[in-house]
Amino acid sequence: MGKINLRMAEVQNRERRLGTIIAWNGTASDLHTQSGYQQRGSGCKSNKDGCRLCEAKGPFTQGSVCSEQMVECQAGNVRDAVLIQHSPIGCGAGQVPYNSIYRNGLAMRGHKVENIRIINTNLQETDMVFGALGKLKQSIDDAWERYSPKAIFIGTSCPTGIIGEDIESVAKKKQEELGIPVIPLFCEGFRSKHWSTGFDATQHGILRQIVKKSTKKQEDLVNVISLWGSDIFTPMFKEFNLRVNYVVDMASVSDLEQLSEAAATVGFCYTLSSYMAAALEQEFGVPEVKAPMPYGFAGTDAWLRELGKVTHREELVEQYIAKEHARVKPRIAELKKKLQGLKGYVATGSAYAHGLIQVLRELDIQVDGSLVFHHDPVYDSGDAREDSLGHLIEHYGEVKSFNVSNRQQYQFYGLLQEVKPDFILIRHNGLAPLASKLGIPAAPLGDEHIAIGYEGILNLGEAILDILAHKKFHDDLKKHAKLPYKQWWLEQKDPYILAKHPELIDA
């Protein structure tokens, strides 16, 4: 794992930088051991077969998203900026759901509700032959005339990558002409096998061209790297006389400019925050709070204490921890009685899943299995305190069926059959209908902040009770639904059998 290089316009993908994988099955402790997090700053260690971390190779991908879509939901969510997708119109299909998410996020944060500002250059077949820089220049001019933005992002696509469009030179010329940052984001879908590289691409562009090199510091300002969730950090940080600078989603360009002035940087999920937090410390001297993520008592205690240490507010933090423990523990005890005997399953992004499992086990809910959409063997800081999988195992125990799969429904069926949970927690809802057809209700965690901190334990417990109230609907659906799989697959015990024997795909 090398240092972050902001001199390069293109971000290094996660496979090379962190050793990211998208397919694996076994136990949580086996994955942690093979990941070799203990080798600080050197990525993953080799195993006996010479692999950094052996990855199951599937013969096809049934469903996923790409890095370009993550740029849509990051750069496209900066309030006074415009994102230009230099792509065919099909790549713009995500604008519909992301517009809904953006509007909801603005409402939750108390901002003016408006539509997302994304322009698509609508590349055609002739553009693939003759190039389309003229369309890109025209789209930049249109964005400037229509919106008067304070920054313009340009997202690449597989077609622009294939033909080698020189968007960097266009961006540079237009930046000089317009006097605002015009930022190329290299996020072609084939650039990385997992979409989380798209988070890094957006953050890389912001760090290179928007964040100001400043000696000014705001000792009470904390950067919170998040998505579009509800504002749970402002009231929490107010207890410590700290202010929140939310980035990247729902931020303004001026919010992004002052990233370098903050006293510290935190995140709710290392999958999202790893790159920007490490780069802010390396390049701008803003310390990253290196601690377990704020889920459950053990994680939240450690996270708050490290925040207190970095911002010199240790006494206030200890007072808050004692007060919150006393407040929530009796209520958690009541929730445990209602949730007694339940078995849960988590299917979300990597680090976020680690945190959710911790909260479920705080509620005494049995968790025998989890599906994470990718696995980063190490995060950008290389600090052991950010080893979220290791923290889960150390404080909350083993997860027997711990699987990595980038949203493959055909594998998800077998994984659920193996564990037979009473409910699932899920972020990307494409897998939820399959669970429903098996009679398993899902809690789609649209607000990613729902489980954070001490209040998050209560929130998640109550959300589970809400979805279990609709269990009969899912039982009825199971009686009448038919799955689109052949009988031999429905009887298959190994969801990864096609990765081991691809010849069976025609069976």
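Check the entry above for the structure.
Structure report, in brief.

Conventions used here
- Residues numbered from 1 in each chain as written.
- Predicted model: local features only at pLDDT ≥ 70, side-chain atom pairs only at ≥ 80, totals over all residues.
- Heavy atoms only, no water.
- Phe/Tyr/Trp six-rings, centres within 6.5 Å; stacked < 30°, edge-to-face > 60°.
- Helix = DSSP H or I, 4+ residues; strand = E, 2+ residues; numbered from the N terminus.
- Buried < 20%, exposed > 50% of the residue type's maximum accessible area, 1.4 Å probe, protein only.
- Core = buried A, V, L, I, M, F, W, Y, C linked by side-chain atoms within 4.5 Å.
- Contact = heavy atoms within 4.5 Å.
- Salt bridge = Lys/Arg side-chain N within 4 Å of Asp/Glu carboxyl O.
- 1 Å grid on protein atoms, 1.4 Å probe; cavity = no way out; pocket = protein on both sides within 12 Å on 5 of 7 lines; lining within 4 Å.
- Points joined across faces, edges and corners; volume = space filled by probe spheres on them.
- Nonpolar A, V, L, I, M, F, W, Y, C, P; charged D, E, K, R; others polar.
- Pairing = 2+ DSSP bridges.
- Axes fitted to C-alpha atoms, helices over the stretch in contact; angles between N-to-C directions.
- Parallel < 35°, antiparallel > 145°, perpendicular 65-115°, else oblique.

Right, let's talk about the packing of aromatic side chains for a bit. If you walk through the whole model with that rule in mind, you get 16 aromatic pairs. Both rings, one in Phe233 and one in Phe237, keep their centres 5.7 Å apart while their planes meet at 65°; by these two values the pair is edge-to-face. Of the two residues, Phe233 and Phe237 both sit in helix H10 (residues 233-238), four residues apart, roughly one turn of that helix. Comparing Phe233 with Phe237, the two get one shared label, buried. Between Phe297 and Tyr454, the aromatic rings sit 5.8 Å apart at their centres with planes inclined by 35°, giving tilted as the arrangement. In this pair, Phe297 sits in helix H13 (residues 296-311) while Tyr454 sits in helix H19 (residues 453-468), placing the two residues 157 residues apart along the sequence. Exposure remark for Phe297: the relative accessible area of 12% places this residue in the buried category.

Note that the residue after Val247, namely Val248, is joined by a cis bond; omega there is 5°. For Val248, the location among the structural elements is in strand E7 (residues 243-248). Even without being glycine, Met250 reaches a positive phi, approximately 70°. Tracing the chain through its elements places Met250 in the loop between E7 and helix H11 (253-257). The exposure class of Met250 is buried, given its relative accessible area of 2%.

Counting residues in hydrophobic clusters, the biggest one holds 142 residues, and the most contacted among them are Phe153, Phe237 and Leu425. With nine residues, the top contributor of residues to this core is helix H12 (residues 270-284). With sequence-adjacent residues up to four places away left out, Leu425 is seen in contact with Tyr345, Val346, Ala347, Thr348, Leu356, Leu360, Ala443, Leu445, Leu460 and Ile464. Counting 16 residues, the second largest nonpolar core, distinct from the first, contains Ala9, Ile154, Ile167 and Leu178.

What follows deals with the pattern of salt bridges. Evaluation of the coordinates by the stated rule reveals 31 salt bridges. Linking Arg327 and Glu324 is a salt bridge whose minimum nitrogen-to-oxygen distance equals 2.8 Å. One end of the pair, Arg327, and the other, Glu324, are both in helix H14 (residues 314-339), three residues apart, so they sit about a helical turn from each other. Residue Arg327 is classed as partly exposed on the basis of its relative accessible area of 33%. Note on Glu324: relative accessible area 8%, which makes it buried. If you follow the salt bridges from partner to partner, you end up with Arg14, Arg17, Asp200, Asp376 and Asp380 in one network.

Here the largest pocket is characterised by a volume of approximately 700 Å³. Around the largest pocket sit 31 residues that line it, and Tyr98, Ile101, Trp228, Arg427 and His428 are the ones nearest its centre. The element that contributes the greatest number of residues to the lining of the largest pocket is helix H4 (residues 95-109), accounting for three residues. When its residues are assigned to classes, the lining of the largest pocket shows 16 nonpolar, twelve polar and three charged.

Further remarks concern the side chain of Ser405. If you trace the backbone, Ser405 turns up in strand E11 (residues 401-405). Sequence-distant contacts of Ser405, that is, excluding residues within four places in its chain, are made with Ile22, Leu371, Val372, Phe373, Gln411 and Tyr496.

To continue, consider the sheet that holds E7. Strand order in the open sheet formed by three strands is E7-E6-E8, with parallel pairing between adjacent strands. Edge positions in the open sheet fall to E7 and strand E8 (264-267), since each of these has one partner strand only. Ignoring which end each strand starts from, the neighbouring axes of this sheet average 30° apart. Pairing analysis gives six bridges linking strand E6 (residues 221-226) to E7, with the strands arranged parallel. Following the sheet pairing, Val224 is matched in E7 by Tyr246. Sitting on the sheet, H12 touches E6, E7 and E8, and the angle it makes with E6 is about 145°.

Attention now moves to the packing of helix H15 (residues 350-362) against H19. Viewed as axis vectors pointing N to C, H15 and H19 meet at an angle of 80°, and their least axial separation amounts to 10 Å. Considered as vectors, H15 and H19 are oriented roughly perpendicular to each other. Here H15 contributes Leu356, Val359, Leu360 and Glu362 to the contact with H19, which in turn contributes Gly456, Ile457, Leu460 and Ile464. Looking at the contact of H15 with H19 residue by residue, the classes come out as six nonpolar, one polar and one charged.

The quantities given are spatial measurements derived from coordinates; they are silent on function.
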